[in-house]
Amino acid sequence: TVGGQPEVINYTATADGTVVKRMNDAKLTPLERFLNAAPGAAGIAFDGLYLWTLDARAKILRKHLLDASLTVVASYRAPGLKPEALVWDGAALWTLDAGDRLLRRHNLERPEEFLAAIPLPEYGDGIFLPTGLAWDGERFWSVAERRDGKGPARLYRHGVEGAR
């Protein structure tokens with residue numbers, strides 16, 4: 001908190017590409033909406049300076065200023081077959097690819113390049129497809145849906161050695 005007030009640190013992206021700035025309170029109170037700021041949004045991450053969005057359809061990472069219109073200052077081709085999720089771990093930007101089932105750590109100077117590609121054995125059999133990624137301060141978590149669309153989704157906690 002800052003001065004006894006919750007910090008504004010949460011940004012979410014909706015399916016229609018709207019980015020919502022939210023209070024970090026119990027209700028995640030919406031403060032501001034940015035229409036069409038993140039087309040094709042499959043992921044959103046804040047690195048402390050820039051807001052990053054992942055356009056899964058176009059396979060593009062976008063770097064945004066936190067200004068009145070979330071201006072895109074740079075766009076980069078996202079590596080991989082089917083990038084599906086994006087997260088910031090406090091030190092690096094990561095994507096999760098549903099096509100080759102790899103977790104990639106990106107070079108912030110050139111995000112189209114990656115510094116590490118870590119296979120996730122939980123997806124080795126191809127039954128589940130990763131659809132989301134989170135970082136809890138110690139570990140990565142991913143959510144997955146069955147490829148055949150039948151049955152419940154799964155949540156995986158990843159013990160990724162050498163990730164940081």
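As a reminder, the structure under discussion sits directly above these lines.
Here goes a summary of the coordinates provided. These numbers come from a predicted model, not from an experiment.

1. Comments concerning the packing of aromatic side chains
Going through the model one piece at a time under the given rule, you end up with six aromatic pairs. Aromatic pair Trp94 and Phe140: ring centres 4.9 Å apart, planes at 65°, arrangement edge-to-face. Placement of Trp94 in strand β9 (residues 93-97) and of Phe140 in strand β13 (residues 140-146) is noted, with a sequence separation of 46 residues between them. Take Trp94 and Phe140: they sit in the same class, and that class is buried. Taken together, a centroid distance of 5.1 Å and an interplanar angle of 75° make the contact between Tyr123 and Tyr156 edge-to-face. On the criterion of sequence distance, the pair formed by Tyr123 in the loop between β11 (110-119) and β12 (128-135) and Tyr156 in strand β14 (residues 154-158) is long-range, its members being 33 residues apart. The exposure class assigned to Tyr123 is buried, which follows from its relative accessible area of 0%. Residue class for Tyr156 comes out buried when judged on its relative accessible area of 13%. One cation-aromatic arrangement involves Lys63 over Tyr50; the distance from NZ or CZ to the ring centre is 4.4 Å. Here Arg104 stacks its cationic end above the ring of Phe114, 4.9 Å away from the centre of that ring.

What counts and what doesn't
- Residues numbered from 1 in each chain as written.
- Predicted model: local features only at pLDDT ≥ 70, side-chain atom pairs only at ≥ 80, totals over all residues.
- Heavy atoms only, no water.
- Phe/Tyr/Trp six-rings, centres within 6.5 Å; stacked < 30°, edge-to-face > 60°.
- Helix = DSSP H or I, 4+ residues; strand = E, 2+ residues; numbered from the N terminus.
- Buried < 20%, exposed > 50% of the residue type's maximum accessible area, 1.4 Å probe, protein only.
- Lys NZ or Arg CZ within 6 Å of the ring centre and 35° of its normal.

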